[in-house]
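These are the residues of each chain, in order.
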Amino acid sequence: MTSKATGKPNTTNPEVLAWVEKMTALCQPDQVHWCSGSDEEKSTLTAEAVERGILIQLNQQKLPGCYYHRSNSNDVARVEQCTFVCTESEEEAGPTNNWMPPSQMYAKLHALADGSMRGRTMYVVPYLMGPPGSPLSKVGVELTDSIYVVLSMRIMTRMGNIAFEHLGESRDFNRGLHSMLDLSPDRRFIAHFPQDNAIISLGSNYGGNVLLGKKCLALRIGSYLGRKEGWFAEHMLIVGVEAPNGEKTYVAAAFPSSCGKTNFAMMVPPPHFNGWKIWTLGDDIAWMRPGPDGMLHAINPEAGFFGVAPGTSRKSNPNAMQAIQKDTIYTNVALTSDLDVWWEGKDEPPPREALDWRGNRWTPDSKEKAAHPNSRFTAPIENNPMFATEANDPKGVPISAIIFGGRRATTLPLVYEAFNWVHGVYLGATMGSETTAAAAGQVGQVRRDPMAMLPFCGYNMGFYFRHWLNMRKRIKNPPRIFNVNWFRKDEEGNFLWPGFGENMRVLKWVVDRVQGRAGAQETPLGWVPRPQDFDLEDMNGFTVEDFQKVQTINVEEWRREVLSQDELFMKIYAFIPKEMIFQRELLVARL
Ligand code: GTP
Ligand code: SPV
Ligand code: MN
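Visitor: Any chance you could explain the coordination of the manganese ion (ligand 3) here in plain terms?
Guide: In an ideal octahedron of six donors the angles at the metal are 90 or 180 degrees, and in an ideal tetrahedron of four donors they are 109.5 degrees. At this site the manganese ion (ligand 3) is bound by Lys-215 (NZ), His-235 (NE2) and Asp-284 (OD), with donor distances of 2.2 to 2.5 Å. Considering all 6 donor atoms around the manganese ion (ligand 3), the spread of angles at the metal, 64 to 175°, places the coordination shape in the irregular class. We note that the donor set of the manganese ion (ligand 3) lies within a single chain, spaced as K-x19-H-x48-D. Pair noted here: His-235 is in the loop between β12 (232–234) and β13 (237–242) and Asp-284 is in the loop between β15 (277–282) and β16 (286–290), with a separation of 49 residues, a long-range link. Each member of the pair, His-235 together with Asp-284, is buried.

Structure representation (structure tokens):
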């Protein structure tokens, strides 16, 4: 059966046309709308979303162009148990991914998608990941029955005609199908078919599950392609650090979900760092490939922020606060009576009364949180006053340092540097972090999250470590590798490190190491800054003793740490590169 009406395609690409026709026949939408990405289209779709109650228009005096969205209360985070990597063999997906044979998954999901868009419009959303004209960029086409997805993709990616122009007549594009169905959690699947460069996402309307350019294409499919084609797709922010004399150093950093990437990427250095500037290239994803100069070059495939709202304030992240004053979609935060937004940790005191993220009446006496802990803002990256225009450079930027970091209350010091690339890969591979609200499930459990990629690696994690090791041969001047932890606590549960803007002190040491200016001391873990190597000036009562406390390496804790690393190593034992085992043995010997 064909659909009742179809809009006019804005491409002549035969492969795209044939695939859209096939999916139209499957999903049977009432209408097909080919998205151009124009301003006019945005206004029309926004008006329709408001009329249908999908978006609420916020106070346009305070927040011009901003809208509010509530997702279904059972659908507020990524769902790892519903996320599948469907490679031909189970071994390719590896022990850390849910797996099903592609044919079986296609059959199951096509049955669910059959007729799923009756009475709805199917939007054809072409999008470009990365700067136009870059050899690192990739095109995706997402078919969706969600206006919220269309308007969000318009912010998060370069959406519309521009993508079809980049694609031309090529067959090389990601095929993404998304239908909300009835948002029932037991018909929720986020399935990846890396060998077909295809994704099917059903039964959800939450960010990471449905904005298919982001985690699905840019990381799961991207990592699979990266291994095949000799590049990296990583869960990393990218910043440019400008010194007072104009020197620029580019740094990429991988922290797990809700562990500080957006905050670090938009950092404002404390007044003490007069003349230092942090420019933002990306806050979540980096695609990196060796360049002709022998360095690793990075682009941010995205064009927007999908950032955690709670904790965001003018004090913690002034650039983010400025970026979300206009043209922003807020999801699952609290709504005040004057159509403003509020969340825990915002500058303003709690409103006397508001509607919480579920739409229920909320007062400061309520036991529940007003905003969901994983509530988010979706804002154009160019709204950021410190947006680095070289993010639009097709060549990408040369990366001098890679930082790994998790959320750890104990054991892990504030910062240390790996001895070399292989050791650095081991630091990334053994990263642990406490789970957060970004994924459904228990919060606060330490689990291994290698390179912050556990939920995002689209193939066998052991092969992924091998890829990291192999890439060393293709990068003449590899970045130096560091490990950080902003989240160490004292016995009373207070953070030992002030974090946020003060992280500039750590970043400065990293940059100075890379530029050959800073000293360090060898320890069993790696190179660490001595107090004289690290800028502790003007720190408002934070003393050398406090620094030594946050840098403490406790051998007993580290013996336990090495044991708990085995939890992951055992799981993927059959695939783990020997180098990782050797690094483990060397660490044990040094301890
Ligand atoms: P995803 O978008 O899920 O990938 O998260 P992210 O890595 O971008 O994390 P984000 O910067 O949004 O921070 C998540 C939470 O960590 C927020 O509640 C922040 O307030 C908090 N946070 C960020 N940086 C720091 C820090 O340096 N110290 C402390 N204590 N908390 C921080
Ligand atoms: C994350 O969970 O790492 C995010 C949010 O950046 S989501 O897009 O939902 O994956
Ligand atoms: Mn993320």
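From this point, the narrative continues.
Visitor: What exactly am I supposed to notice about the pattern of salt bridges here?
Guide: Opposite charge on two side chains makes pairing possible when the charged atoms of those side chains draw close. The full count for this structure, using the stated rule, is 38 salt bridges. Between Glu-390 and Lys-248 there is a salt bridge, and its shortest N-O distance comes to 2.8 Å. Taken together, the residues span a long stretch of sequence, with Glu-390 in the loop between β24 (376–380) and β25 (397–405) and Lys-248 in strand β14 (residues 248–254) at a distance of 142 residues. Using a relative accessible area of 16% as the deciding quantity, one classes Glu-390 as buried. The partner of Arg-505 in a salt bridge is Glu-502, and the shortest N-O contact between them spans 2.7 Å. Relative accessible area serves as the criterion here: at 1%, Arg-505 is assigned to the buried category. Bridged by salt links that share partners, the residues Lys-214, Lys-215, Lys-261, Asp-284 and Glu-302 form one connected network.

Visitor: Mind showing me how you'd approach the sheet that holds strand β22 (residues 354–355) here?
Guide: Within a sheet, each strand pairs with its neighbour through backbone hydrogen bonds, oriented either parallel or antiparallel. Within the open sheet, the 4 strands sit side by side as β21-β20-β22-β23. Their pairing is antiparallel. Each end of this open sheet is capped by a strand with a single partner; those strands are β21 (341–342) and β23 (361–362).

Visitor: Any chance you could explain the domain arrangement of the protein here in plain terms?
Guide: A common way to report how large an interface is uses the accessible area buried once the components associate. By the assigned domains, the protein splits into domain 1 (14–57 + 80–229), domain 2 (234–304 + 388–590) and domain 3 (305–383). Domain 2 and domain 3 are separated by 28 Å when their C-alpha centres are compared. Domain 2 puts 17 residues into the contact, and the matching count from domain 3 is 17 residues. Summed over both sides, the interface of domain 2 with domain 3 buries roughly 1,200 Å², with 59% coming from carbon and sulfur. Among the residues of domain 2 in contact with domain 3, Met-266, Gly-304 and Ala-437 are the three that bury the most area, contributing 38% of the side total. The interface formed by domain 2 and domain 3 holds 0 salt bridges in total. Put simply, domain 2 and domain 3 have 2 residue pairs in polar contact (both at pLDDT 80 or more) between them. In terms of residues, the side of domain 2 that touches domain 3 owes the most to one element, β15, which gives 3 residues. Here the residues of the side of domain 2 that touches domain 3 are counted per class, giving 8 nonpolar, 8 polar and 1 charged.

Visitor: What is the right way to look at the site of ligand 1 in this model?
Guide: Residues in contact with ligand 1 amount to 21 residues; listed here are only the nearest, Ser-258, Lys-261, Thr-262, Asn-263 and Arg-376. A distance of 2.8 Å separates an oxygen atom of ligand 1 from a polar atom in the backbone of Gly-260. Phe-500 is positioned such that a nitrogen or oxygen atom in its backbone is 2.9 Å from an oxygen atom of ligand 1. Here ligand 1 loses 91% of its free accessible area of 660 Å² to cover by the protein chains.

Visitor: Any chance you could explain the site of ligand 2 here in plain terms?
Guide: Taken together, the residues surrounding ligand 2 are Arg-78, Tyr-206, Gly-208, Lys-214, Lys-215, His-235, Ser-257, Asp-284, Phe-306, Arg-376, Ala-438 and Phe-456. In this structure, an oxygen atom belonging to ligand 2 sits 3.0 Å away from a side-chain N or O atom of Arg-78. At 3.3 Å from an oxygen atom of ligand 2 is found a side-chain nitrogen or oxygen belonging to His-235. Of the residues assigned to the shell around ligand 2, the class counts are 4 nonpolar, 3 polar and 5 charged. Two domains each donate at least three residues to the shell around ligand 2, and these are domain 1 (14–57 + 80–229) and domain 2 (234–304 + 388–590).

Visitor: For this particular structure, what's the right way to read the side chain of Ser-400?
Guide: Mapping Ser-400 onto the fold places it in strand β25. Dropping the residues within four chain positions of it, Ser-400 is found in contact with Thr-249, Tyr-250, Met-295, Pro-479, Arg-480 and Val-514.

Basis of the calculations
Residues numbered from 1 in each chain as written. Chains lettered and ligands numbered in written order. Predicted model: local features only at pLDDT ≥ 70, side-chain atom pairs only at ≥ 80, totals over all residues. Heavy atoms only, no water. Donors = N, O, S within 2.8 Å, 3.2 Å for Na, K, Ca; no water. Tetrahedral: all angles 85-135°; square planar, octahedral: opposite > 155°, others 65-115°. Helix = DSSP H or I, 4+ residues; strand = E, 2+ residues; numbered from the N terminus. Buried < 20%, exposed > 50% of the residue type's maximum accessible area, 1.4 Å probe, protein only. Salt bridge = Lys/Arg side-chain N within 4 Å of Asp/Glu carboxyl O. Pairing = 2+ DSSP bridges. Domains from an automatic or database assignment. Contact = heavy atoms within 4.5 Å. Buried area = accessible area lost by both parts, 1.4 Å probe. Polar contact = N/O pair within 3.5 Å; in protein donor to acceptor, adjacent residues only side chain to side chain. Nonpolar A, V, L, I, M, F, W, Y, C, P; charged D, E, K, R; others polar. Near = heavy atom within 4 Å. Areas by Shrake-Rupley, 256 points an atom, 1.4 Å probe, with all protein chains shown as cover.

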